[in-house]
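Structural overview for review
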Amino acid sequence: MYVTTAIPYVNGRPHIGHVMDYLLADVWARWQKQKNGGELDLRFSAGTDEHGNKNAQKAREQGMEPQEFADNMSAEFVKLVDRLNVGHTDFVRTTDVRHVATVQKIWQKLADAKSPDGQRLIYKGSYEGWYCEGCEGFVTEKEAEENGFVCPDHKKPLVKLKEENYFLRASAFSERIREAIESGEMQIVPEFRAKEFLNLIRDGLADVSVTRPRRSLSWGVPVPGDEEQVIYVWIDALANYLTAIGYPDSGNWADFWPADLQVIGKDILRFHAGIWPAILLGLDLPLPRRFLVHGYVTIGGEKMSKSIGNVVDPFEIIDRFGVDALRYYFLRHIPTFDDGDFTWEKFEAAYNGELANDLGNLVSRVAKMCEKYNFSPRPSSQISAPRGRCSPNLSSQVGANSPSAVACRMPLGPDFAQKMDALRFSDAVDWVWGEIQKLNRLVDERKPWVLAKDEGKLDELHGVLRELCEGLMLFGKMLAPFLPETSAKVLSIFGTDGVKYSGEILFPKKYMKD
RNA sequence: CGCGGGGUAGAGCAGCCUGGUAGCUCGUGUGGCUCAUAACCACAAGGUCGUUGGUUCAAAUCCAACCCCCGCAACCA
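Rules behind the numbers
Residues numbered from 1 in each chain as written. Chains lettered and ligands numbered in written order. Predicted model: local features only at pLDDT ≥ 70, side-chain atom pairs only at ≥ 80, totals over all residues. Heavy atoms only, no water. Patch = residues over 30% accessible without salt bridge, like charges linked within 9 Å, V, L, I, M, F, W, Y side chains within 5 Å. Areas by Shrake-Rupley, 256 points an atom, 1.4 Å probe, with all protein chains shown as cover. Salt bridge = Lys/Arg side-chain N within 4 Å of Asp/Glu carboxyl O. Lys, Arg positive; Asp, Glu negative; His and termini not counted. Charge placed at Lys NZ, Arg CZ, Asp CG, Glu CD. Helix = DSSP H or I, 4+ residues; strand = E, 2+ residues; numbered from the N terminus. Buried < 20%, exposed > 50% of the residue type's maximum accessible area, 1.4 Å probe, protein only. Domains from an automatic or database assignment. Contact = heavy atoms within 4.5 Å. Buried area = accessible area lost by both parts, 1.4 Å probe. Pairing = 2+ DSSP bridges. Near = heavy atom within 4 Å. Polar contact = N/O pair within 3.5 Å; in protein donor to acceptor, adjacent residues only side chain to side chain. Arc of directions from axis to C-beta. Expected span 1.5 Å × (residues − 1). Core = buried A, V, L, I, M, F, W, Y, C linked by side-chain atoms within 4.5 Å. Axes fitted to C-alpha atoms, helices over the stretch in contact; angles between N-to-C directions. Parallel < 35°, antiparallel > 145°, perpendicular 65-115°, else oblique. Left-handed = near helix turned anticlockwise from the far one by under 90°. Nonpolar A, V, L, I, M, F, W, Y, C, P; charged D, E, K, R; others polar.

Moving on: a negative patch on the surface. Among the surface-exposed residues, Glu141, Glu143, Glu145 and Glu146 lie close enough to one another that they form a single negatively charged patch. Structurally, the position occupied by Glu145 is in helix 5 (residues 141-146). According to the relative accessible area criterion, Glu145 is exposed, its value standing at 53%.

Frequently, the measure chosen for interface size is the accessible area that the parts lose on association. The domains assigned to chain A are domain 1 (2-295) and domain 2 (343-494). When each unit is reduced to the centre of its C-alpha atoms, the spacing between domain 1 and domain 2 is 43 Å. The interface of domain 1 with domain 2 comprises 14 residues on the first partner and 15 residues on the second. Buried surface at the junction of domain 1 and domain 2, both sides included, amounts to about 1300 Å², of which 66% is carbon and sulfur.

We now examine unusual backbone geometry. Cis geometry marks the peptide bond from Val189 to Pro190; its omega dihedral reads 0°. Relative to the helices and strands, Pro190 is located in the loop between strand 7 (187-189) and helix 7 (191-200). The omega angle of the peptide bond from Trp257 to Pro258 is 10°, so this bond is cis rather than trans. Within the secondary structure layout, Pro258 lies in the loop between helix 9 (240-243) and strand 12 (261-265). One non-glycine residue, Asp284, lies in positive phi territory at about 65°. Relative to the assigned elements, Asp284 resides in the loop between helix 10 (269-282) and strand 13 (290-294).

Attention now moves to the pairing of strand 2 (residues 43-48). Within strand 2, 6 of the 6 residues are buried, leaving the element largely enclosed by the surrounding structure. Of the two faces of strand 2, the one holding Arg43, Ser45 and Gly47 and the one holding Phe44, Ala46 and Thr48 are both buried throughout. Strand direction decides the pairing type here: strand 1 (residues 2-5) and strand 2, joined by 3 bridges, are parallel. What sits directly across from Tyr2, in strand 2, is Arg43.

Once that is clear, we can look at the protein's contact with RNA strand B. Taken together, 50 residues surround RNA strand B, and among them Tyr9, Arg270, Gly360, Asn361 and Asp444 come closest. Backbone sugar and phosphate groups make up 65% of those atoms of RNA strand B lying within 4 Å of the protein. In the model, a sugar or linking oxygen of RNA strand B is placed 3.4 Å from a nitrogen or oxygen of the Ile7 main chain. Of all the secondary structure elements, the ones that give two or more residues to the surface near RNA strand B are strand 5 (137-139), helix 7, strand 8 (208-209), helix 8 (233-238), helix 10, helix 13 (344-372) and helix 17 (425-446).

Attention now goes to helix 11 (residues 314-321). Taken residue by residue, helix 11 has Pro314, Phe315, Ile317, Ile318 and Phe321 as its buried positions. For helix 11, the buried positions fall inside an angular range of 160° around the axis, keeping them on one side. Packed against the buried residues of helix 11 are helix 1 (19-35), helix 3 (66-83), helix 12 (323-333), strand 16 (340-342) and helix 13. The backbone nitrogen of Phe315 has a side-chain oxygen 2.9 Å away, supplied by the residue at the start of helix 11, namely Asp313. Looking one or two places after helix 11, you find Gly322, whose phi comes out positive at around 95°.

On to helix 10, then. A rise of 1.5 Å per residue sets the reference length of helix 10, with its 14 residues, at 20 Å; its end C-alpha atoms lie 19 Å apart and thus fit the reference within 8%. Within helix 10, 12 of the 14 residues are buried, which leaves it mostly tucked inside the rest of the structure. Directly after helix 10, the chain includes Asp284, whose backbone phi takes a positive value near 65°.

Take the nonpolar core next. Counting residues in hydrophobic clusters, the biggest one holds 96 residues, and the most contacted among them are Phe330, Phe342, Phe482 and Phe494. Broken down by element, this core gets its largest block of residues, 13 residues, from helix 13. Each of domain 1 (2-295) and domain 2 (343-494) gives at least three residues to this core. Residues in contact with Phe330, not counting those within four places in the same chain, are Ile16, Val19, Met20, Leu23, Val297, Ile317 and Phe342. Membership of the second largest hydrophobic core comes to 58 residues, among which are Trp107, Leu110, Leu168 and Ala278.

With that settled, the discussion passes to the environment of Glu163. Turning to its location among the elements, Glu163 is positioned in strand 6 (residues 159-168). What makes Glu163 buried here is its relative accessible area of 3%. For Glu163, the side chain forms a polar contact with the side chain of Ser216, separated by 3.0 Å.

The next subject is the sheet that holds strand 5. Taken together, the 4 strands give an open sheet; going across it, the order is 5-4-6-8, and neighbouring strands pair in antiparallel fashion. Taken across any chain shown, the strands that pair with only one partner, and hence form the sheet edges, are strand 5 and strand 8. For strand 6 and strand 8, the ladder comprises 2 bridges, and the chain directions are antiparallel. When the bridges of strand 8 are listed, Phe167 appears paired with Ser209.

Attention now goes to the pattern of salt bridges. Counted according to the given criterion, the structure contains 26 salt bridges. In this structure, Lys105 and Asp249 form a salt bridge, with 3.1 Å as the shortest nitrogen-oxygen distance. Note that Lys105 is positioned in helix 4 (residues 97-112) and Asp249 in the loop between helix 9 and strand 12, a separation of 144 residues in sequence. Taking the relative accessible area as the measure of exposure, Asp249 reaches 54% and is therefore exposed. Salt bridges here are not isolated pairs; linked through shared partners, they connect Arg13, Glu76 and Asp313.

Below, the discussion takes up the packing of helix 17 against helix 19 (residues 458-478). Running from N to C, helix 17 and helix 19 cross one another at 165°; their axes reach a closest spacing of 10 Å. Put simply, helix 17 runs roughly antiparallel to helix 19. As for how helix 17 packs across helix 19, the hand of that crossing is left-handed. Judged by residue contacts, Trp431, Val432, Glu435, Ile436, Leu439, Leu442, Val443 and Arg446 of helix 17 engage Glu460, Val464, Glu467, Leu468, Gly471, Leu472, Phe475 and Met478 from helix 19. Considered class by class, the residues forming the contact of helix 17 with helix 19 number 11 nonpolar, 1 polar and 4 charged.

Here we take up the environment of Arg30. Its place among the elements puts Arg30 in helix 1. When the C-alpha positions of Arg30 and Val86 are compared, they lie 9.4 Å apart, and in sequence the two are 56 residues distant. Not counting residues up to four positions away in its chain, the partners in contact with Arg30 are Asn85, Arg327, Ala480, Pro481 and Pro484.

So, in C-alpha cells, the structure goes:
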C-alpha cells in the first residue's frame, strides 16, 4: 500500500496551507491500517522540491548558497510533518543524491522510449512564452495579462522569449489518459475535479517542455548526455514519488507501485493528471489508482499571502492548542474537497465548544460516574462472542465482555466506513460528532445520579454506564485516524478492565485573550 | 453563448437527484439538571429558500430566462 503527498516548493517557511496534504494522507493511511487490523505494509512519502531559480534567488537574497538555504527550509518541513504526528515512512528531497540519480535514470528511459505511434517520446523543440529576466522564468499567459505584462516583483516588462529545449510527447497519451480517468482506472476524487480536468484536455494533452537551457536554469538536474540542458520541475518533482520507493533498481518498489492514493492540492491537479501519467506510461508503469484533490485554506475569507500579511504558522497552533486540536480543525472544518476558512476565532470556538465541551467533558463526566458508582465491566450474557479483526493482545488480555473487547469487535458501522472509503473525511468526523452529542443526551435522559440513589436500580445504572463506555470506546476508535493522541487516551481510560481515569482534562478550555 | 461550482435564519452549512409540515452547528433568549472542563440537556425567537415566469392539487426541490459570487481556462509546485 502506497500513499504520497505533494512536495512543497521550499521558497518559504511552512504555513497552514501545507498541512492539508499531510493530514489527509495520514488519515487515509491510519484508516487503512485500522481496517487491516493494524497490520499493513505501508509506504507513505513526503518531501521537498528544492531546485529552480526561485529557490536559488531566495538563497542569494539571504546571502546563502542554494543548498544551504534548501537545507534549512527542508528541515522546517520535516519538523512540520513530525509535529503533525503524520506517520510518513519516506522523505524525499529533490537535491538528495539518490533522487538526482533516479531523475536521470527516468530521463534516460524516456529518452529511449517511443510513443505508441512510434515517435520519439522526448524531442527537441522550442518553447515561447512571456519571460521575466528578473525571475529568470516564464509566467503563464494569464498571469502576464493580469499584471499588464510587467513582473510584479521586479517591475520589469516581460519579454517574449523563445528557447530551445526538450519536449515530452504527452499528446501521444491523450486518449489513454482520458480513458483511464473516465473508466476509474485512475480515479480523481472529487468527481468535479475529474470533470474539470477532462474538460481542460478535451482537445488533447499538449506536449510539454521538460528542460531549460543551463543559462536560464542553473540549479537543477542536468540532462544526461546534454550538458547544455537542465531538467525542469515537472520530471524533477514528480519523480519523487518513484524515488521514495526505490525505483528503478533498488528495494522492492514494484510491491508499492502503482500508488493507492496520491494527495494533492487543486492547483497541481493538471500536472498530476496530465504530465505525470504521460511520464508513467512512457516508463511503461501503471497509473496511480486514486488522487485526492483538496482545496485551499483561506484566512477570514481571504487568500493567504505574504503581502496581505495574514499567513498563519501551524507551529503556533500546535504550541498553543496541541496537535490533535489542529488536526481536528483542519480535518473537520476545512471540507475535504472544497476550500475552507481559518480564523483564530473559529478555531477557538471549535476547540472550546467541540473538543472541550462535547468530547472532553463527556469523557470526564462518564469516567467520574463510573468511579463514583463503582461500575466495572462484568460479563453480560447478551453480548455475543468476539469476532472480527481485533488486535489480539487487546481481546485476549481483558475479559471478553469488557468495554474494550466489546468495542474491539464492534463494527465501525456502514455510515462511517462508507464516508471514509469515499475519502469524505470531514463528513465522517461530522457523523462521529453527532454520535458523541447523542451520548451527552443519553446521560441527561437516563440520569445516572438519580438511579444511583435507588439500590434497586443498580442494574439499570450499570447498564447505562456500560452503554456509555461502549459508545466512547467505539467513537474513540473511529476518531483514531483523526485524533491519534486523544483516541489513545479515550481507549485507555475506558478500555482497561474497569475504568481507570487519572482525572486528566482532555481539552482544557483556552481563550486567545489569555 | 468557453467549462464547472454556488446564492436557504445574524454566521457557517445540509436538504434539491427520488416534489408534500424548511433542518443542523454556532450565536441570542428562557428554563431544567448537578455526573462533568461555569460543562450538559430542553424549549423559544429568527428564513419572501438570488429574481421572474412556467409545470403541478402541491416547488427550496422539476423546467425556462435573468442577476450576483467563486473556481478553472495547461509550463503558477
